[in-house]
Amino acid sequence: MSTDIREFTEREYKYGFSTDLDTDIVPRGLSEDVIRLISGKKKEPAWLLDWRLEAYRKWTQKKEPRWQNVHYEPIDYQDISYYAAPKPKKSLASLDEVDPEVRAMFDKLGISLAEQERISGVTVAVDAVVDSVSVATTFKKRLAEVGVIFCSFSEAVQNHSDLVQQYLGSVVSNQDNFFASLNAAVFTDGSFCYIPKGVQCPMELSTYFRINAADTGQFERTLIIAEEGASVSYLEGCTAPMRDKNQLHAAVVELVALKDAYIKYSTVQNWYPGDAQGQGGIYNFVTKRGLCAGSNSKISWTQVETGSAITWKYPGVILQGDGSVGEFYSVALTANYQQADTGSKMIHIGKNTTSSILSKTVSAGHGQSTYRGLVQVHDTAIGARNHTQCDSLLMGKDSGASTFPYVEVKHPSAKVEHEASTSKIGEDQLFYCRQRGIPEEDATTMIVNGFCREVFKELPMEFAVEAQRLLSVSLEGSIG
Amino acid sequence: MILQIENLHAKVGDKEILRGVNLELPLGQVHAIMGPNGSGKSTLAQVLAGREEYTVSGQVLFDGKDLLSLSAEERAFMGLFLAFQYPVELPGVGNLYFLRTALNSVRKHRGLDELDAVDFLAYAQKRMDLVEMDRSLMSRSVNEGFSGGEKKRNEILQLAILEPKLAILDETDSGLDIDALRAVAKAVNALRSPDRTLLLITHYQRLLDYIVPDQVHVMTEGRIVRSGGKDLALELEQHGYLADAKDHTLPVGGTR
Ligand SMILES: Nc1ncnc2c1ncn2[C@@H]1O[C@H](COP(=O)(O)OP(=O)(O)O)[C@@H](O)[C@H]1O
Ligand SMILES: [Mg+2]
């Protein structure tokens, strides 16, 4: 492969700056005392502290999972700081009071915290989370007018404690898995969103996560509830500074869709992937799950995963309501020494439930991509249907892709289909483009974007553009 | 002369495929290269277009410039176009988008303004009409699921849009039924111009019934062994390539 392409896939991470924020950090290490300290700093109710402590005790009994197809050195959980918050100069009364340095940091990321229309006609409400603490939520008033609650998790705990208590852990319990328990024990903030009955959320909701401090983990939680007949489209984006030590990100996202509700959750994940030699980068170990609780509800996950040294997550849907629908669209790109083990879990419980999975992995350089998915049809799920399609694109001889589809069917009426393909970016395709006057670098992006198109078209328009750009930036640099 | 080829050799590994090709193409003419399967016609086309897998020696001047020192995309910017014998599929890449990207890239390197989507569409539609291309093909992915004939037609559309100085058409006629062949030939004829040279590669003479060349060259065993007027094609059709090569006592390897 020519040097052009190599340079192209090895270009540097653009968001790798760190900002000198005055940060309130708890000393490294994890214990019940640290959890009490975090909960105390956040003035949490007793039930939440108890819930955290219960999670912590479960966590200490759990073993870190090792079955995933990724490789990393053991993590020393006592060497991480579990709470880092940019110190507010005072408590915020309005957006104007956001720390100018925080504001400047988000400007640098291309995310405006000002309340403005992003693209003509498209309004996006943004919640910005730095080192697990929410620093600004925009458009709060306009959303409140229709009854939508969109705020930081901490605020929700203070102001909507009953809702949080009702739904927290209802989809991903505090003992679900090793990382989910860890998150439940130490999470510091995140986003909360509640769409009341019959309301179509009038704008896209969006959270940007940013890890800034060194030697901290980011453990945020997102909880989205769509009441009967409600709908919302939600986008999550994230970046982190370049650091040569690995940092852990263990988030939990829970979605609850009641009868006829629709939640569309899109992620553009761009955590720092490590350098071209595989030094540093984020370990992105995340539990995301949606519950289609009511009949004819629908939850749709779309993810574009271009960052992180290691990505390990399986956004899933529990299809409990009759006629409910779960969807998963994924692009996972691994370049340099990145590894991704990702896919989806679709759990069919209700009658006539439908799920579809479309996974596109792109591996460049020494990148390793694994699709791992589970389709489970319970004996109650009469007439369940699933379609899974996994396509892998390999660039260069050192990259790899694997597919592990697990299927468990307990009702004979179920129809479960699986298709998989692996292809290489052909010299033929590149030469064809170049012969038409499209330089190699652009041609590569074009071919990869084409490969991912069916997923990108599921993203909200303006984010689809962002995703394509990200993909080309991430590709800049690793085919061998 | 738009193209001057002198003693061109090309190898893949130890295998010598082109063994000293000499050929001159004047601007504005139509030339044909005929020859049996495996004689090196496509290799010549690919080498001229800048495919990197061949080890190449010799000299080629394109529009006075040293062609062999240029990358594939630079050759395209200069106005060299290859209609592929086997057009490549680009899944998920929209045909119209592909064409606009190509045209704008070429225009940019020629110091011209890029066309926006609206202007491009207007231009592309005119060119589609010229080559009688079905518009529904434009919204599909490049060549994906196209029939053989549609792929070839798409190559000619790209030619029409990019307006090269030299277009090499590699077996554009193969796999076409007679109606499709007529239509493609009509499109190619519409693209003949005093500012454009066409090099048709074929091993059937029937294409040359529809696109009448100024000159015909015969290639066997990696060399041009004979050149003549348009009647040469007919003669080859009757006597075959090998008889012809022997007539001229040229060093030919074994028969194939
Ligand atoms: N990339 C390649 N690697 C190995 N052999 C090749 C390659 N390209 C062409 N050849 C060989 O060179 C000879 C000429 O091929 P080609 O140029 O396609 O002939 P034609 O187009 O005249 O049918 C054939 O024997 C073919 O197998
Ligand atoms: Mg050929």
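Look up a bit, the structure's there.
What this report covers is the structure whose coordinates are included nearby. The model shown is predicted, which means the values in this text are computed figures rather than measured ones.

### Focus: the site of ligand 1
Residues and elements named next belong to chain B. Neighbouring residues of ligand 1: 13 residues in total, closest Gly38, Lys41, Ser42, Thr43 and Glu53. In the model, an oxygen atom of ligand 1 is placed 2.9 Å from a nitrogen or oxygen of the Ser42 main chain. With respect to ligand 1, the side chain of Tyr54 contributes an N or O atom lying 3.2 Å from a nitrogen atom. Mapped by element, the contributors of at least two residues to the shell around ligand 1 are strand E2 (15-25) and helix H1 (41-49). Per element, the largest residue contribution to the shell around ligand 1 is 3 residues, and it comes from H1. Partitioned by chemical class, the residues of the shell around ligand 1 number 4 nonpolar, 6 polar and 3 charged.

### Some details on the pattern of salt bridges
Within the structure shown, the criterion is met by 26 salt bridges over all chains. When the shortest N-O distance is used, the salt bridge between Arg51 of chain B and Asp428 of chain A registers 2.8 Å. Placement of Arg51 of chain B in the loop between H1 and strand E4 (55-62) and of Asp428 of chain A in helix H9 (residues 427-435) is noted, with the two residues assigned to different chains. For Arg51 of chain B, a relative accessible area of 13% translates into the label buried. You can call Asp428 of chain A partly exposed: its relative accessible area is 42%. Residue Arg434 of chain A is joined to Glu440 of chain A by a salt bridge in which the shortest nitrogen-to-oxygen separation is 3.8 Å. Considered together, Arg434 of chain A and Glu440 of chain A belong to a single accessibility category, that of buried residues. Overlapping salt bridges bring together Arg434 and Glu440 of chain A together with Glu52 and Glu73 of chain B as one network.

### Section: the interface of chain B and chain A
Taken together, the contact pairs 35 residues of chain B with 18 residues of chain A. Between chain B and chain A the total buried area reaches about 2100 Å² when both faces are included, carbon and sulfur atoms providing 60% of it. At the surface where chain B touches chain A, the tally comes to 4 salt bridges. At the junction of chain B and chain A, the tally comes to 15 residue pairs in polar contact (both at pLDDT 80 or more). Ranked by residues supplied to the side of chain B that touches chain A, first place goes to helix H3 (residues 95-109) of chain B with 6 residues. The class makeup of the residues in the side of chain B that touches chain A is 20 nonpolar, 10 polar and 5 charged.

Thresholds applied
- Residues numbered from 1 in each chain as written.
- Chains lettered and ligands numbered in written order.
- Predicted model: local features only at pLDDT ≥ 70, side-chain atom pairs only at ≥ 80, totals over all residues.
- Heavy atoms only, no water.
- Near = heavy atom within 4 Å.
- Polar contact = N/O pair within 3.5 Å; in protein donor to acceptor, adjacent residues only side chain to side chain.
- Helix = DSSP H or I, 4+ residues; strand = E, 2+ residues; numbered from the N terminus.
- Nonpolar A, V, L, I, M, F, W, Y, C, P; charged D, E, K, R; others polar.
- Salt bridge = Lys/Arg side-chain N within 4 Å of Asp/Glu carboxyl O.
- Buried < 20%, exposed > 50% of the residue type's maximum accessible area, 1.4 Å probe, protein only.
- Contact = heavy atoms within 4.5 Å.
- Buried area = accessible area lost by both parts, 1.4 Å probe.

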